[in-house]
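# Working through the structure, step by step
Next come the chains, spelled out residue by residue.
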Amino acid sequence: LTVVLVAVMALGIGATTATFSVVYTLLLRPLPFPAPEELVVLKTRSAVLRGTAREVSLADFEDLRREARLTLSMAAFQPRRFGLLEGGAARAVEYARVTPGFFETLGIGPLLGRTFEPADDQPGGDVHKAVLSYGLWRDRFGSDPAVLGRTLRTSVTSLVVVGVMPAGFAYPTGAQLWVPVQSLDQVRGLERQRQRQDRTFQVVARLAPHARPAAAEAELQAIAAALARQYPSTNEGMEPFVLPLRDAELGDVRGYVRLLFAAVSLVLLVCVANVTNLMLVRLAARKRELAVRSALGASRRQLVLGQVAECVALASLGGFLGIGLAQFAVTAVPRAVAVRLPGWTSLAVHPPVLFFGVVVTLLTGATVGLVSGLVGSRANANDVLKEGGRGSSAGGRLKSGLVVAEVALAAVVLVSAVLLLRDLERLRQVRLGFDPEGVVTVQLSPFVPGREQERIRKSTAYFERMVSRLREIPGVVAVGGTDKFPFTGTYATRPTQAVEVRGDLQADVVHRAPAGFIDVTPGYFEAMHIPLLEGRGFREDDDLDAPWVIILSERAAASLFPGRSALGRQVRINTAGVVDPWATVVGVVGNVRYRASDADTAIEFYYPYKQYGLSTTRLALRLAEARPGLEAEIRKAAADVDPETPVEDVRALGELVSETLWQRRAWSTLLSAFALTALVLAGLGLYGVLAFSVAERTREIGLRMALGSLPRGVVALVARETCWLVAQGLTLGLAAAALVARALGSRLLGVRWFDPHTYVFVGLVLAAAGLLAALLPAVRAARVDPLIALRAE
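Residues numbered from 1 in each chain as written. Predicted model: local features only at pLDDT ≥ 70, side-chain atom pairs only at ≥ 80, totals over all residues. Heavy atoms only, no water.

When helices and strands are tallied, the chain shows 25 helices and 23 strands. With 793 residues in all, the chain has 50% of them scored as buried. Sequence-distant contacts, at least 24 apart, represent 81% of the contacts inside the chain between residues at least 6 apart. When the accessible surface of the chain is split by element, carbon and sulfur atoms take 58% of a total near 34,700 Å². (Helix = DSSP H or I, 4+ residues; strand = E, 2+ residues; numbered from the N terminus. Buried < 20%, exposed > 50% of the residue type's maximum accessible area, 1.4 Å probe, protein only. Contact = heavy atoms within 4.5 Å. Areas by Shrake-Rupley, 256 points an atom, 1.4 Å probe, with all protein chains shown as cover.)

Right, let's talk about empty space enclosed by the protein for a bit. This model, assessed by the stated rule, comprises seven cavities of 30 Å³ or more. Looking at the largest cavity, its volume works out to about 100 Å³. Thr44, Asp60, Leu64, Arg199, Ala224, Leu227, Asn235, Met238, Glu239 and Pro240 are the residues that line the largest cavity. Per-element tally for the lining of the largest cavity: the top contributor is strand 11 (residues 238–244), with three residues. Looking at the lining of the largest cavity residue by residue, the classes come out as five nonpolar, two polar and three charged. (1 Å grid on protein atoms, 1.4 Å probe; cavity = no way out; pocket = protein on both sides within 12 Å on 5 of 7 lines; lining within 4 Å. Points joined across faces, edges and corners; volume = space filled by probe spheres on them. Nonpolar A, V, L, I, M, F, W, Y, C, P; charged D, E, K, R; others polar.)

A separate point is the pairing of strand 4 (residues 89–98). As paired strands, strand 3 (residues 71–86) and strand 4 are joined by ten bridges and run antiparallel to one another. For Phe77, the partnering residue across the bridge sits in strand 4 and is Val98. (Pairing = 2+ DSSP bridges.)

A few words now on the pattern of salt bridges. For the coordinates displayed, the defined rule picks out 30 salt bridges. The salt bridge involving Glu94 is made with Arg81; its shortest N-O contact spans 3.7 Å. Of this pair, Glu94 sits in strand 4 while Arg81 sits in strand 3, and the two are 13 residues apart along the sequence. Its relative accessible area of 21% is what places Glu94 among the partly exposed residues. Here Glu500 makes a salt bridge to Arg572, at a shortest N to O gap of 2.8 Å. (Salt bridge = Lys/Arg side-chain N within 4 Å of Asp/Glu carboxyl O.)

Attention now goes to the nonpolar core. Ranked by internal contacts, the top residues of the largest apolar core, which has 109 residues, are Phe33, Phe102, Phe169, Tyr171, Trp178 and Leu766. At 15 residues, the largest contribution of residues to this core is made by helix 9 (residues 253–285). (Core = buried A, V, L, I, M, F, W, Y, C linked by side-chain atoms within 4.5 Å.)

To continue, consider the pairing of strand 6 (residues 129–132). Covered by surrounding structure in strand 6 are Lys129 and Val131 together with Ala130 and Leu132, the residues of both alternating faces. As paired strands, strand 6 and strand 8 (residues 158–164) are joined by four bridges and run parallel to one another. By the bridge assignment, Ala130 is partnered in strand 8 with Val161. With two bridges joining them, strand 6 and strand 9 (residues 177–180) adopt antiparallel strand pairing. Bridge pairing links Leu132 to Leu177 in strand 9.

The subject of this paragraph is the packing of aromatic side chains. Taken as a whole and judged by the stated rule, the model has 26 aromatic pairs. Their ring planes at 50° and their centres at 5.9 Å tell us that Phe103 and Phe169 sit as a pair that is tilted. Highlighted residues: Phe103 in helix 3 (residues 102–106) and Phe169 in the loop between strand 8 and strand 9, separated in sequence by 66 residues. Residue classification places Phe103 among the buried residues on the basis of a relative accessible area of 1%. Put simply, the rings of Phe33, Phe77, Phe102, Phe103, Phe116, Phe169, Tyr171 and Trp178 pair up and form one aromatic cluster. Taking the ring centre of Phe241 as reference, the NZ or CZ of Arg45 above it sits at 4.2 Å. (Phe/Tyr/Trp six-rings, centres within 6.5 Å; stacked < 30°, edge-to-face > 60°. Lys NZ or Arg CZ within 6 Å of the ring centre and 35° of its normal.)

Structurally, the position occupied by Gln78 is in strand 3. Since its relative accessible area comes to 5%, Gln78 is described here as buried. One polar contact links Gln78 to Arg80, side chain to side chain, over a distance of 3.1 Å. One polar contact links Gln78 to Arg97, side chain to side chain, over a distance of 2.6 Å. (Polar contact = N/O pair within 3.5 Å; in protein donor to acceptor, adjacent residues only side chain to side chain.)

In this fold, Cys723 is placed in helix 23 (residues 711–744). Residue classification places Cys723 among the partly exposed residues on the basis of a relative accessible area of 44%. Counting along the chain gives 44 residues from Cys723 to Ala767, while the straight-line C-alpha distance between them is 7.6 Å.

Further remarks concern the confidence of the model for the chain. Taken as a whole, the chain shows an average pLDDT of 83; of its residues, 87% reach a score of 70 or greater. Contacts of residues 387–392 to residues separated by more than four positions or lying in other chains number nine contacts, the stretch itself having pLDDT below 50. (pLDDT = per-residue confidence, 0-100.)

Our next topic: a nonpolar patch on the surface. The grouping of Leu11, Leu325 and Phe328 at the surface amounts to a nonpolar patch, some 290 Å² of accessible area in total. Within the secondary structure, Leu11 sits in helix 1 (residues 2–28). For Leu11, a relative accessible area of 34% gives the class partly exposed. (Patch = residues over 30% accessible without salt bridge, like charges linked within 9 Å, V, L, I, M, F, W, Y side chains within 5 Å.)

Two packed helices can be described by the angle between their axes and the distance between those axes. Two numbers describe how helix 2 (residues 58–67) lies on helix 6 (residues 213–230): the axes approach to 10 Å, and their chain directions differ by 125°. Between helix 2 and helix 6, the angle is such that the two are oblique. Of the two elements, helix 2 crosses helix 6, and the hand of that crossing is right-handed. Between helix 2 and helix 6, the residues in contact are Asp60, Asp63, Leu64 and Glu67 and Glu219, Leu220, Ile223, Ala224 and Leu227, respectively. Class assignment for the residues of the contact of helix 2 with helix 6 results in five nonpolar, no polar and four charged. (Axes fitted to C-alpha atoms, helices over the stretch in contact; angles between N-to-C directions. Parallel < 35°, antiparallel > 145°, perpendicular 65-115°, else oblique. Left-handed = near helix turned anticlockwise from the far one by under 90°.)

What follows is the structure, given as structure tokens:
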């Protein structure tokens, strides 16, 4: 019994402590910045286009930074990738373009050297500087202090190292080095990024002491309103808003973490109920001992305290094992699940987590000891010690009530887990609009300097050579690329856009809808098996010298041209006053989901890459059959075309699709593990009560058998008791589960919160578990020998 008690406590305390480690790391642990409560992230949204949150344009950022008084400092940054050139080959490196004051806003100084000064970001100045992360300095330069002043060759430009950041600093997440904004502007001639409609920069700000986020947001919105009056074509209806840095970094993860902690708390309650039941069973076997101690002068308080001390000792042993289990879990789970958490996180059993585990251990032991001690010490010593007196069972109703509570709690956790699993399965089964089987993808980020049209022609030439070279690989039947590839995270949100349609009488009609603008190469639709429904695909002669053309998704064509063909019609995009040329619709293709959770309302516009250009692009290679050594051939082909363009992320498309569901899969798996634990514990609790009930009623069962009751009647007696307990638990549990599921509804995309199949399934599972738990006690009751049972009396 002691082994079972310790094991159950270890399981409950370990699961709770491990989960609290996640809660503490993500939600409670102070961010590794001075005064982190002052840090906020600034975003914008459009009241005109009713879109989702967007980033900030560099021009707007400069005006907001200059005019704001409730922010001490403000910095803009833009995560990017380029190739770090070593030995003639390029290695992909994540970096961030930042404005001066970026590190000062976060409150982190360099480990070596310095950070950026205003002079490092002046147009025409000496702007090609770099600050290294500690990890890059350690791994690529052997922690050499002489790295300061060293020149790095990258696929964009040469950079001089001016500083190294301390260990643990990784903001934005994944950044390995930082460069001034002007460093890339100067090389690529990115005048467009100074335009107000180009909202691609993230902004972090530090509030003045005692300034409230709401007040700072109101001030920024007042400044934005003045900008809208000054620049109505690009800023009308645009309003900034602020989020605490932690909230901006976590996004939807916060809700899942809370759900997980709520689930493990229910499991802990099931463990407490189970252990309390086991202790009551143990006390029933020791009732004569307790009666003797009471008769010899022990007070009820002494009996209760003795029980509390015993339970705390058992809980301490279980807690020691549970915290060890938690330590193993928080190190093993992140390795098993490919999770990219914010750079400031560090999953471990930190001192506050250890303290939490100790408190949970002591509370568990004290609660179990107090309840069982109060019940066990309530028996009348005279009745127990009478000759032949059997006394009364310790807490019979309480034991049954705890089992009902266990079943109810298990039902709540099971319903939540099954709903998430069904939702995950539905998302896996959605029609993607393309066929991922047999497709391998590779990401390329070539450096293309020059002005707008010059860069388009250069990037076109590169990808034309690249696609042609990849087609030479044996087994490759089609190759195509795009700048917004499905299920890669580069196309996570599609803001509402204004789309103009040229009418029959030259009256332009404006449509507003969540829209995506996608540049593709010829062969992309064939490589992805996206069906061409009308017209033609793109050709190599759809270039800058040809009329502008466009291909619509099926949903876009039906939305813009209901009841008629879209072929030959003309559309153009009006983004914050920047109007694209009129483009003629030459084809219509099937709808594509760019993530499993996409709503069926987004529309897609495809453009030929020779008219708009490509930068960071993912190519899709469709294979006749899978074969080994393909990645090496892809890397060789890329090196033949341009050895200074890094080859990134060579993976099967099916793997990319599966990876986008990692968050739902991870939370569903963990919640399912907790649900299974709760189910097993509820079954064990029910078995314990029934087994003890049968043992207590041996004389009664013997009398029934002696008076002619058949074994099946005795089995029915135990079954009725089981059904009554399970029915009570299910009634309470499913009602509570419905309330929990309703709150969970916003996270369910593929299934309704009140899904009848789920509730029926959970009811049947718990009923089956109850009957299984009752099987052995029922068989034992049916085998009672009346003669032996009565002789014992």
